[in-house]
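# Coordinate inspection notes
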Amino acid sequence: MKTRKFSVGPYLYIVPAMLVFAVFLFYPFFKTIYLSLYKTNKMGEAKLFVGLNNYIDLLQSSSFHNSLIVTAIFVVIVVVGGMALGLLGAVLCNKAFPGIRIFSTSYALPMAIASSSAAMIFKIMLHQSIGIVNKILHLNINWISDPRYALICVAILTAWLNSGINFLYFSAGLSNISEDIYERASVDGANPVQKFFRLTLPGLSPIMFYTLVVNIIQAFQSFGQVKVLTQGGPGESTNLIVYSIYRDAFFNYRFGSAAAQSVILFVIIMALTLIMFRVEKKGVQY
């Protein structure tokens, strides 16, 4: 019986990648957990070990509870809106017609725009006196400064920004669905609505699951548009967890609290991802 010799050579090829991961991923991750157990000074240095007190203070904080609720509403609007826009664009561009390249480019364009740049343009569009939105709708609403509309405005912008990459995902998924099944369905008398719900959506279920996971993670990490448009306001109506982390760390110099919020955000995203992968076996058709 031949014995397999252990070779170091293959492992040397992954050393550069592991070093990059160690510096930019593993070290910040464990450093964040470490800081979440301490009170820090204004330089972010751990000074006083407090154990889980940072987490307890957060769970008892009405501001943090508000951030959780605001973030949940924001994520739902962004994920549903972004996926709906991407799917609509992909379905419309699934057939060949004159000018399809122009339409496809326009639908995919949001993925090429920086969130901060889009937010600046959006801010001008929503301006109370000179904004085009109020001009078209003949209204006089201060969209960004009104707590009733601020979160919805930021969420709609984020959904549009995410729709570009969703459009590419769904377009790739639609190209893998055979035209034969649609022809057979037409022979059986199926109308376009029945084809969409009985054939298109089941055929897209794998790519929809992937897109759902990616969109949820991206929505939780949205920051630039909040910083430019509302800065967490008015009041705390758009104070997402990510912006709360930024504000606690770089304005209030409470790095321990910010680190604890980061760990909680990581746990929330990880839990949702694990739940979705468990549900995948029942809802996804391969």
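Scroll up for the structure.
Cut-offs and rules
Residues numbered from 1 in each chain as written. Predicted model: local features only at pLDDT ≥ 70, side-chain atom pairs only at ≥ 80, totals over all residues. Heavy atoms only, no water. Helix = DSSP H or I, 4+ residues; strand = E, 2+ residues; numbered from the N terminus. Buried < 20%, exposed > 50% of the residue type's maximum accessible area, 1.4 Å probe, protein only. Contact = heavy atoms within 4.5 Å. Areas by Shrake-Rupley, 256 points an atom, 1.4 Å probe, with all protein chains shown as cover. Core = buried A, V, L, I, M, F, W, Y, C linked by side-chain atoms within 4.5 Å. Phe/Tyr/Trp six-rings, centres within 6.5 Å; stacked < 30°, edge-to-face > 60°. Axes fitted to C-alpha atoms, helices over the stretch in contact; angles between N-to-C directions. Left-handed = near helix turned anticlockwise from the far one by under 90°. Nonpolar A, V, L, I, M, F, W, Y, C, P; charged D, E, K, R; others polar. Pairing = 2+ DSSP bridges. Salt bridge = Lys/Arg side-chain N within 4 Å of Asp/Glu carboxyl O. Parallel < 35°, antiparallel > 145°, perpendicular 65-115°, else oblique.

### As for the overall build of the protein chain
Helix and strand counts for the protein chain come out as 13 helices and 2 strands. Each of the three principal axes of the protein chain carries a C-alpha extent, and together these read 85 × 75 × 30 Å. In the protein chain, which comprises 286 residues, the proportion classed as buried is 37%. Relative to all contacts within the protein chain whose residues are 6 or more apart in sequence, the contacts with residues 24 or more apart total 64%. Summed over all atoms, the accessible surface of the protein chain reaches about 17500 Å², with 68% contributed by carbon and sulfur.

### Describing the nonpolar core
By size, the foremost hydrophobic cluster in this structure holds 47 residues, and its most contacted members are Phe74, Leu157, Leu229 and Leu265. Elements represented by at least two residues in this core include exactly helix 4 (62–92), helix 6 (115–125), helix 8 (150–175), helix 10 (192–220), helix 11 (224–229), helix 12 (241–250) and helix 13 (255–283). In terms of residue count, helix 8 provides more of this core than any other element does, 9 residues in total. Every residue in contact with Leu229, bar those within four places of it in the chain, is listed here: Ala119, Phe122, Lys123, Ile144, Val154 and Leu157. In terms of nonpolar packing, the next biggest core, distinct from the first, is built from 6 residues, Leu58, Phe64, Ala260 and Val263 among them.

### Overview of the packing of aromatic side chains
As enumerated under the stated definition, the model contains 16 aromatic pairs in all. With centroids separated by 6.0 Å and ring planes inclined at 25°, the aromatic side chains of Phe223 and Tyr243 adopt a geometry described as stacked. With Phe223 in the loop between helix 10 and helix 11 and Tyr243 in helix 12, the pair connects residues that are 20 residues apart, well separated along the chain. Taken together, the ring pairs connect Phe223, Tyr243, Tyr246, Phe250, Phe251 and Phe255 into an aromatic cluster.

### A closer look at helix 12
When you tally the buried positions in helix 12, you get 7 out of 10 residues, the bulk of the element. The complete set of buried residues in helix 12 reads Ile241, Val242, Tyr243, Ser244, Ile245, Asp248 and Ala249.

### Observations concerning the environment of Gly235
Structurally, Gly235 can be placed in the loop between helix 11 and helix 12. Expressed as a C-alpha distance, the spacing of Gly235 and Asp146, which sit 89 residues apart in the sequence, is 9.5 Å.

### Comments concerning the packing of helix 9 (residues 179–187) against helix 10
Helix 10 packs onto helix 9 with a crossing angle of 145° between their chain directions and a minimal axis gap of 11 Å. The crossing of helix 9 and helix 10 is right-handed. From helix 9, Ile181, Tyr182, Ala185 and Ser186 reach across to helix 10, where they touch Lys195, Leu199 and Thr200. The class makeup of the residues in the contact of helix 9 with helix 10 is 4 nonpolar, 2 polar and 1 charged.

### A look at the pairing of strand 2 (residues 46–49)
In this sheet, strand 2 lies alongside strand 1 (residues 38–40) in antiparallel orientation, the contact comprising 3 bridges. Bridge pairing in strand 2 links Lys39 to Leu48. In sequence, strand 1 turns back onto strand 2 through a hairpin of 5 residues, with Gly44 there showing a positive phi of about 80°.

### Looking at the pattern of salt bridges
Using the criterion set out here, one finds 4 salt bridges in the structure. Here Lys47 and Glu45 are joined by a salt bridge, their closest N and O atoms 3.8 Å apart. Its relative accessible area of 57% is what places Lys47 among the exposed residues. Glu45 gets classed as partly exposed once you look at its relative accessible area, which sits at 42%.

### Describing the packing of helix 5 (residues 100–108) against helix 8
It is at 7 Å that the axes of helix 5 and helix 8 come closest, and there the two elements cross at 130°. One finds that helix 5 runs oblique with respect to helix 8. Contact residues: Ser104, Tyr107 and Ala108 in helix 5; Ser163, Gly164, Phe167 and Leu168 in helix 8. Looking at side-chain class alone, the contact of helix 5 with helix 8 contains 4 nonpolar, 3 polar and no charged residues.

### Some points on the side chain of Gln225
Its location among the elements puts Gln225 in helix 11. In this structure Gln225 touches Ser115, Ala119, Val154, Leu157, Thr158, Leu161 and Thr230, once residues within four positions along its chain are discounted.

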